[in-house]
Structure formats: C-alpha cells, structure tokens
Amino acid sequence: PPCPCRAPCHPPVPAGPQIVLSVYGPDFFGHDVVRGYGAVHVPFVPGRHKRTIAMFVPESTSRLQQLTSWFTGRRPEFTDPRVVARGEGREVTRVRSQGFVTISFNVM
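Residues numbered from 1 in each chain as written. Predicted model: local features only at pLDDT ≥ 70, side-chain atom pairs only at ≥ 80, totals over all residues. Heavy atoms only, no water.

Looking up the protein in an unreviewed UniProt entry gives the name B9 domain-containing protein 1, with the organism given as Picathartes gymnocephalus. The annotation that UniProt attaches to the protein under Subunit (unreviewed entry) is "Part of the tectonic-like complex (also named B9 complex)." (UniProt positions renumbered as here; feature names shortened; annotations may be inferred.)

Asker: Could you clarify how one ought to interpret the overall build of the protein in this entry?
Answerer: If you tally the helices and strands in the protein, you get 2 helices and 4 strands. Of the regular secondary structure in the protein, the N- to C-terminal order runs β-β-β-α-α-β. In the protein, buried positions account for 23% of the 108 residues. Contacts in the protein between residues at least 24 apart in sequence constitute 60% of all its contacts with a sequence separation of at least 6. Element-wise, carbon and sulfur atoms account for 59% of the exposed surface of the protein, whose accessible area totals about 8,200 Å². (Helix = DSSP H or I, 4+ residues; strand = E, 2+ residues; numbered from the N terminus. Buried < 20%, exposed > 50% of the residue type's maximum accessible area, 1.4 Å probe, protein only. Contact = heavy atoms within 4.5 Å. Areas by Shrake-Rupley, 256 points an atom, 1.4 Å probe, with all protein chains shown as cover.)

Asker: Sorry if this is basic, but what is going on with a nonpolar patch on the surface here?
Answerer: Taken together, the side chains of F28, F29, L67, W70 and F71 make up a nonpolar region of the molecular surface, amounting to roughly 610 Å² of accessible area. Mapped onto the secondary structure, W70 falls in helix α1 (residues 63-72). Residue classification places W70 among the partly exposed residues on the basis of a relative accessible area of 37%. (Patch = residues over 30% accessible without salt bridge, like charges linked within 9 Å, V, L, I, M, F, W, Y side chains within 5 Å. Salt bridge = Lys/Arg side-chain N within 4 Å of Asp/Glu carboxyl O.)

Here it is, written out as structure tokens:
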C-alpha cells in the first residue's frame with residue numbers, strides 16, 4: 001500500500017539483541033532483593049561500546065502491599081526477564097527509577 005506520509009517509507013529496522021540486567025543486593029534485613037532492572041540494545045557496529053542503562057524497580061500498588069513486602073522482605077519483582085526486554089505491558093506496571101548502570105562491551 002502507498003505510504004500516507006510525504007516522507008519516504010522504509011521497512012522497520014530490526015532492533016537486534018539486547019543485554020538485560022537484573023541487579024540484586026541485600027536489604028536492611030540481609031534478604032536479597034531486586035535493586036533494579038534495565039535493558040540496552042547491542043550495537044551492530046564492531047568495536048568497543050559504552051552504554052548507560054536507566055534502571056527501574058517495580059513497586060507495590062498499595063500502601064498495605066508496600067508495608068507487607070517491607071516486613072517480609074519479599075518485594076515485587078518480574079518473574080520473566082522478557083518483560084524488561086520487550087516493554088509490552090510495562091505501561092500498566094508501576095515502576096520507580098533506581099539510578100543508572102554503565103557497561104562497556106566489545107562487539108566483534
């Protein structure tokens with residue numbers, strides 16, 4: 001079908017592979033809890049690359065759930081890392097920004 005816009009249309013560019021991070025650390029009581037999730041696309045260009053990844057954590061939806069999770073040490077977390085990579089459904093998930101992680105990697 002013809003493109004409805006005046007700019008030339010191109011096929012969608014494939015996003016390629018991603019690096020998905022799940023960072024865990026101890027809480028006040030020594031329980032391992034999620035400290036952040038993040039994802040970044042791996043560039044197609046060979047060479048050394050440095051990327052800064054915005055990290056986030058899911059949050060409980062109510063004060064009662066927040067209090068219960070704090071006492072039990074069981075905080076909300078994703079069971080499937082594909083949720084972080086795809087982003088589908090995240091618009092209805094309450095999350096909080098949790099800082100940044102900078103990674104360096106080599107693409108061959």
